[in-house]
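One letter stands for each residue in the lines below.
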Amino acid sequence: MTLGGWIIMFISVGFVTALLVWSLWKVLSTPGSTEHLHSQVDIRTPDITED
């Protein structure tokens, strides 16, 4: 592989790795994020009618 190929590969892999690390850091370090989590029990669909 040429020098240009190596440079592009390292930039690409470095960018994707940095994006992954930033995403994980944002998800794990956001305070109060557990209050925004929902399960299927919390979801109300329009076809369910409560009497």
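As shown above, the structure is provided for reference.
In short, a report on the structure. Please read all numbers here as calculations on a predicted model, not as lab measurements. (Residues numbered from 1 in each chain as written. Predicted model: local features only at pLDDT ≥ 70, side-chain atom pairs only at ≥ 80, totals over all residues. Heavy atoms only, no water.)

**Quick look at the overall build of the chain**
On a plain count of helices and strands, the chain comes out with one helix and zero strands. The buried share among the 51 residues of the chain stands at 0%. When the accessible surface of the chain is totalled, it reaches about 5,100 Å², and 71% of it is carbon and sulfur. (Helix = DSSP H or I, 4+ residues; strand = E, 2+ residues; numbered from the N terminus. Buried < 20%, exposed > 50% of the residue type's maximum accessible area, 1.4 Å probe, protein only. Areas by Shrake-Rupley, 256 points an atom, 1.4 Å probe, with all protein chains shown as cover.)

**What about a nonpolar patch on the surface?**
Taken together, the side chains of Met1, Trp6, Met9, Phe10 and Val13 define a hydrophobic patch exposed on the protein surface, amounting to about 550 Å² of accessible area. Looking at the element boundaries, Met1 is found in the segment before helix H1 (3-29). (Patch = residues over 30% accessible without salt bridge, like charges linked within 9 Å, V, L, I, M, F, W, Y side chains within 5 Å. Salt bridge = Lys/Arg side-chain N within 4 Å of Asp/Glu carboxyl O.)

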